[in-house]
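Observations on the model geometry
This is what each chain is made of:
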Amino acid sequence: MLPFYKHIARRMFPMLIVLALFAPGVAPAQAQTDERCFEETGFCMSGTIREYWEQNGGLAVFGLPLGPQQATVGADGVTRQAQWFERHRLEIHPENDPPYNVLLGRIGVDRLEQQGRDWQAFPPFDENQADAERCRFFQETNRQVCDEFLTAFRAYGLNFLNTPDITFEESLALFGYPISDPLTETLEGREYTVQWFERARFELHPENDPPFNVLFGRLGAELGGGTAAPAPGDEGASGTAALRANPWTLVSYGPADAPVDAVSSDRGPATLAFETDRVAGFSGCNGFGGDYQATASAITFGNLISTLIACEDPINSQERAIFAALQGERPYTIIGNELRISYDEGRSALVYRARGIVSGTVTYLQRIALPPQAMIQVQLVDVSRADAAAIVIDTQTIEAGGQQVPFAFQLSYDPAQIDERFTYAVQARITVDGELRFISTSSYQVITRGNPTTVEIIVDPVR
């Protein structure tokens, strides 16, 4: 289940899935444009919806965009501009004054209806089980919210009252009223305890340490928000976004029924990387690059230009197979983290695998605006050796440029270099004109030992 990026931009409660720091996966828009685009899905947001998304929790609350902003007929029959996100649908209501000019759909109710379930037919609440110490009772729907779910409810809210702390009204505006008691439901093949709200599904994940033990369901994706058509002129956007989202490392090449394992030279493994309209690669011996165009099912390569270093076998054979494959139009598929480019009329294939990705967000709880020159640095490090300095695996540095927390980040690693016995973590800091202002003081462990690959980092002020 895709973990949920959790942390509302203002004072959030660390949750999973992370969210938004600097952004490998999330590509901030250039200063001269209003768009903010996301490589993970290939879609952008702008204007009123972008402003609302950024001011009310960003990735942690709404998730990634699953389609373009477009005209949508609402339940009331009125056509409005709306945009689907992983966990919500945002609708523009220009007839209302801010902050009510953007409204959230009752996505929890909608998802239950899609499943053919009437929340009003759920078994009634047993008032004998009311517990005022552990729970909050909602008379409007005759339900109570307790323990971990109540902690999560209180930790998030829409920022419309401009108060230093999240109020009950702000949490209610985000989630709506509870419409079920805790239930046991099967999600992606596993049983979880969940509780439904008008605009959310809370999921209890006991395998995660607090505060990551409560995640929010990807109701927007489940309702079909991910099937929204790409913007005109960008057919196959989701496929090309997947191509561009990862650097790829060659695993094998040659006949599909007898593939040859890829080999690395002392200069590294064979790789492939797709930019907007350029492809660049390394054969294990020579670097190469050129133009390409892609749809959701085929890549058309232009003429590739390479360096001319002489290679010896087995690198030479591998390079010949790569150059033979990357010519003209070639079918391709991406399944999981594997890219397969077919050639020789489908009898042979190049098989690449994506580098591992750790993503998330960086935020802080204080209501302090960052100046445009603030720099956010996030690092993936090996912290296994208590008597030695951490080994840096990847670093991302982001200039604030006028944007505020949360900042989305994405760090990469070679899965082959990961030792399951070791401990890996993400750390972050924010500096202004070279002066350290915020730093992560908690351990955000990732990848191994059952730890996630998406994290929400909260940095603390340096005093």
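Calculation criteria
- Residues numbered from 1 in each chain as written.
- Predicted model: local features only at pLDDT ≥ 70, side-chain atom pairs only at ≥ 80, totals over all residues.
- Heavy atoms only, no water.
- Helix = DSSP H or I, 4+ residues; strand = E, 2+ residues; numbered from the N terminus.
- Buried < 20%, exposed > 50% of the residue type's maximum accessible area, 1.4 Å probe, protein only.
- Contact = heavy atoms within 4.5 Å.
- Areas by Shrake-Rupley, 256 points an atom, 1.4 Å probe, with all protein chains shown as cover.
- Disulfide = S-S within 2.5 Å.
- pLDDT = per-residue confidence, 0-100.
- Pairing = 2+ DSSP bridges.
- Axes fitted to C-alpha atoms, helices over the stretch in contact; angles between N-to-C directions.
- Polar contact = N/O pair within 3.5 Å; in protein donor to acceptor, adjacent residues only side chain to side chain.
- Parallel < 35°, antiparallel > 145°, perpendicular 65-115°, else oblique.
- Phe/Tyr/Trp six-rings, centres within 6.5 Å; stacked < 30°, edge-to-face > 60°.
- Lys NZ or Arg CZ within 6 Å of the ring centre and 35° of its normal.
- Core = buried A, V, L, I, M, F, W, Y, C linked by side-chain atoms within 4.5 Å.

**Regarding the overall build of the chain**
Secondary structure summary: the chain contains eight helices and 31 strands in total. Counting only residues that meet the buried cut, the chain has 49% of its 463 residues in that class. Excluding contacts between residues fewer than 6 apart, the proportion of contacts in the chain whose partners are at least 24 apart in sequence is 57%. When the accessible surface of the chain is summed, it comes to about 21,500 Å², and 49% of that surface belongs to carbon and sulfur atoms.

**Some remarks on the state of the cysteines**
One pass over the full model with this rule turns up three disulfides. Disulfide pairing places Cys37 opposite Cys44 at an S-S distance of 1.9 Å. Disulfide Cys37-Cys44: torsion about the S-S bond near 100°, hence right-handed. Judged by its relative accessible area of 24%, Cys37 is partly exposed. Classification of Cys44 by relative accessible area gives partly exposed; the value is 21%. Sulfur-sulfur distance for the disulfide between Cys135 and Cys146 comes to 1.9 Å. Across the disulfide from Cys135 to Cys146, rotation about the S-S bond amounts to roughly 105°, and the bridge is consequently right-handed.

**Observations concerning the confidence of the model for the chain**
Do not read the predicted coordinates in detail wherever pLDDT is low. Per-residue confidence for the chain gives a mean pLDDT of 82; residues scoring 70 or more make up 86%. Contacts from residues 1–32, a stretch scored under 50 in pLDDT, to residues over four places away or in other chains number 205 contacts. Scored below 50 in pLDDT, residues 226–239 shows 24 contacts in the model against residues more than four places distant or in partner chains.

**Here's the deal with the pairing of strand β27 (residues 407–413)**
With seven of seven residues buried, β27 lies mostly within the body of the structure. The pairing of strand β24 (residues 356–363) with β27 spans seven bridges and is classified as antiparallel. When the bridges of β27 are listed, Gly356 appears paired with Tyr413.

**Re the sheet that holds strand β13 (residues 214–216)**
What the four strands build is an open sheet, ordered β10-β11-β12-β13; its pairing is antiparallel. Each edge of the sheet is formed by a strand with only one pairing partner; in this case those strands are β10 (183–187) and β13. The mean inter-strand angle of the sheet, taken between neighbouring strand axes irrespective of direction, is 40°. The strands that helix α4 (residues 147–155) touches are β11 (190–197), β12 (200–204) and β13; relative to β12, the one it contacts most, it runs at about 135°.

**So, the side chain of Asp382**
As for its placement among the helices and strands, Asp382 is situated in strand β25 (residues 375–382). What Asp382 contacts, discounting residues up to four positions off in sequence, is Ala390, Ile391, Ile393, Phe422, Thr423 and Tyr424.

**Examining the environment of Ser317**
Here Ser317 shows up in helix α8 (residues 315–325). Put simply, Ser317 and Gly254 are 63 residues apart on the chain and 9.8 Å apart in space, counted from C-alpha to C-alpha. Of the polar contacts made by the side chain of Ser317, one reaches the side chain of Asp313; its length is 2.7 Å.

**So, the packing of α4 against helix α5 (residues 168–175)**
Between α4 and α5, whose axes approach to 8 Å, the crossing angle comes to 100°. Taken together, the axes of α4 and α5 lie roughly perpendicular to each other. Residue-level inspection shows Ala152, Phe153 and Arg154 of α4 in contact with α5, the latter providing Phe168, Ser171, Leu172 and Phe175.

**Focus on the pairing of strand β6 (residues 89–92)**
Both faces of β6 are covered, namely the face carrying Arg89 and Glu91 and the face carrying Leu90 and Ile92. Judged from the three bridges that link them, strand β5 (residues 79–84) and β6 form a sheet pairing that is antiparallel. Bridging from a neighbouring strand, Ala82 pairs with Glu91 of β6. The hairpin turn running from β5 into β6, its antiparallel successor, is four residues long. In terms of strand pairing, β6 meets strand β7 (residues 102–104) through three bridges, oriented antiparallel.

**Brief notes about the packing of aromatic side chains**
One pass over the structure, following the stated rule, counts 20 aromatic pairs. Seen from their ring centres, Phe138 and Phe168 are 5.9 Å apart, and the 35° between their planes marks the pair as tilted. Separated by 30 residues along the polypeptide, Phe138 in strand β8 (residues 135–138) and Phe168 in helix α5 bring together distant segments of the chain. On the accessibility criterion, Phe168 (27% relative accessible area) is partly exposed. With a centroid separation of 5.7 Å and 35° between ring planes, the pair formed by Phe153 and Phe175 is classed as tilted. Of this pair, Phe153 sits in helix α4 while Phe175 sits in helix α5, placing them 22 residues apart in sequence. Judged on exposure class, the residue Phe153 and its partner Phe175 are both buried. Put simply, the rings of Phe138, Phe149, Phe153, Tyr156, Phe168, Phe175, Tyr177, Phe197, Phe202 and Phe216 pair up and form one aromatic cluster. Over the aromatic face of Trp84 sits the side chain of Arg89, whose NZ or CZ is 5.1 Å from the ring centroid.

**Considerations on the nonpolar core**
In a soluble, globular protein the nonpolar side chains are often hidden away together inside. Counting residues in each nonpolar core, the largest one holds 33 residues, and the members touching the most others are Phe62, Leu90, Phe175 and Phe202. Listing elements by their share of this core, those giving two or more residues are α1 (47–55), α2 (59–62), β6, β7, α4, α5, β12 and β13. Ranked by the residues each element gives to this core, the list is headed by α4, at five residues. Aside from chain neighbours lying at most four places away, what touches Leu90 is Ile49, Tyr52, Phe62, Gln81, Ala82, Gln83, Phe85, Val102, Leu103 and Leu104. The next biggest cluster of nonpolar side chains, apart from the first, holds 29 residues, and it includes Ala374, Ile430, Val455 and Val459.

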